[in-house]
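Remarks on the overall topology
The primary structure of each chain is shown beneath.
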Amino acid sequence: MANAQVNGQWYPPEWPERIRALAAGALTPVTPRRAATVMLLKDPGPAVHMLRRRTSMAFAGGAYAYPGGGVDPRDHDRAVGWAGPTRAWWAERLGVAEADAQAIVCAAVRETYEEAGVLLAGPDAGTVVGDTTGDDWEADRAALVARELSFAEFLDRRGLVLRSDLLGAWARWITPEFEARRYDTWFFVAALPEGQRTRNASTEADRTVWITPGEAAAGYDRGELLMMPPTIATLRALTEYGTAAGALAGAAGRDLTPVLARARLADGEIVLSWPGHEEFTRHVPTTAGTGAETGGAPA
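Just so you know, these numbers come straight off a predicted model, no measurement behind them. (Residues numbered from 1 in each chain as written. Predicted model: local features only at pLDDT ≥ 70, side-chain atom pairs only at ≥ 80, totals over all residues. Heavy atoms only, no water.)

**A word on the overall build of the protein**
To be explicit about the condition: Strands here are runs of E lasting at least two residues and helices are runs of H or I lasting at least four, both read from the DSSP assignment and numbered beginning at the N terminus. Accessibility here uses a 1.4 Å probe with only protein chains present; expressed as a share of the type maximum, an area under 20% marks a residue as buried, one over 50% as exposed, and anything in between as partly exposed. Only heavy atoms enter the contact rule, under which two residues are in contact if any of them lie within 4.5 Å. Per-residue and other accessible areas follow the Shrake-Rupley method at a 1.4 Å probe size, with only the shown protein chains counted as cover for residues.
Scanning the protein from terminus to terminus reveals 8 helices and 14 strands. Of all 299 residues assigned to the protein, the portion counted as buried reaches 53%. Sequence separation of 24 or more characterises 70% of the internal contacts of the protein that already satisfy a separation of 6 or more. Of the roughly 12700 Å² of accessible surface on the protein, a fraction of 50% belongs to carbon and sulfur atoms.

**A closer look at the packing of helix α3 (residues 98–116) against helix α4 (residues 135–145)**
When two helices pack together, their arrangement is given by the angle between the helix axes and the distance between those axes. Counted only if it meets this: Orientation is described by axes fitted as lines to C-alpha atoms, over the contacting stretch for helices, and by angles from 0 to 180 degrees between their N-to-C directions. Angles are sorted into four bins: roughly parallel if under 35 degrees, roughly antiparallel if over 145, roughly perpendicular if 65 to 115, and oblique for all others. In a left-handed crossing the near helix is turned counterclockwise from the far helix by less than a right angle, and in a right-handed crossing that turn is clockwise. Residue type decides the class: Asp, Glu, Lys and Arg count as charged, Ala, Val, Leu, Ile, Met, Phe, Trp, Tyr, Cys and Pro as nonpolar, and the leftover types, Gly among them, as polar.
Contact geometry for α3 and α4: axes closest at 9 Å, N-to-C directions at 120°. Taken together, the axis directions place α3 and α4 in an arrangement best described as oblique. With respect to the hand of their crossing, α3 and α4 are arranged in left-handed fashion. For the pair formed by α3 and α4, the contact residues are R110, Y113 and E114 on the first element and W137, R141, L144 and V145 on the second. Residues that form the contact of α3 with α4 fall into these classes: 4 nonpolar, no polar and 3 charged.

**Focus: the sheet that holds strand β12 (residues 262–266)**
Quick note on the threshold: Here the rule is simple: two strands pair whenever DSSP picks up at least two bridges between them.
The strand order across the open sheet built from 3 strands is β12-β13-β14, with neighbouring strands paired in antiparallel fashion. In the strand order of this sheet, the two ends are held by β12 and β14 (277–285), each with one partner. The mean inter-strand angle of the sheet, taken between neighbouring strand axes irrespective of direction, is 25°. Bridge count for β12 against strand β13 (residues 269–274) is 5 bridges, and the pairing is antiparallel. Counted as the bridge partner of R262 is S273 from β13. Sitting on the sheet, helix α1 (residues 15–23) is in contact with β12, β13 and β14, with an inclination near 105° to β13.

**What about the nonpolar core?**
Filter applied, for reference: Residue types Ala, Val, Leu, Ile, Met, Phe, Trp, Tyr and Cys, when buried and joined through side-chain atoms within 4.5 Å, form a set referred to as a nonpolar core.
Core analysis: the largest hydrophobic core is formed by 40 residues, its most contacted members being W90, L94, L119, F151, F154, L167 and F188. Elements represented by at least two residues in this core include exactly β1 (33–42), α2 (87–94), α3, α4, α5 (151–158) and β9 (183–191). Element by element, the count of residues in this core is highest for α3, at 9 residues. The contact partners of L94, leaving out residues within four places of it in the chain, are A101, I104, V105, A169, R172, W186, F188 and L256.

The following block contains the structure:
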């Protein structure tokens, strides 16, 4: 990837070619896989927990992101120990069927545990587990990562219920149609439970940080912190909140209309844009090798 960007925008180097193929009708979009990611917050700040993807990774190497990942289909299939707003409430909030809502919320909680060691669950609707760093917890976490244990089975074995009331739905972004791997991702906010602490439990991350959204956005603007559009967009939206509780309260009014990149032909180039997020607009030549791309980081 060329390093001529004026900020920390990261784009896959294969995007221009795939955009041209999509515009020419030579590329069939991949169906996006559902996923969830969590902006874990703690006061003062609030600070947000972020992972840096290993620089050796082919996709978004060195980019900062939040704990998250794809939905496990098994979480559609059986009742999960549940507390907080009902599945029907979440279905309406997320704009999906009840079974899908359960799976998406489960993915948010499970991935936070798998990648950060933080578990948004407790013995009942009014409690949350404490320290989750013991060897027995680690064995269960590893089994979840390996998909040897479903999240529902994990909760059942430990006599826990998922605390859906500890999550706030924040945004929804869908990977552009020209991408080879696509995700329909719901972003959530949650406060770090008392007695728990984060750790880098992800095999895809080489470091983790607690950083305020303002500091992270400033690092991105200086070109010091690489991020993909959904990450920096959600960070900027968090900067108006002074506490984790304030951000959670603010989530209730957030618009979950999906954000999907658009590519259109104009004046001999492809204009790539994200509706409502003009800072990510970039221009791609319609013919390969016709010059540098503009509007963000050349790939």
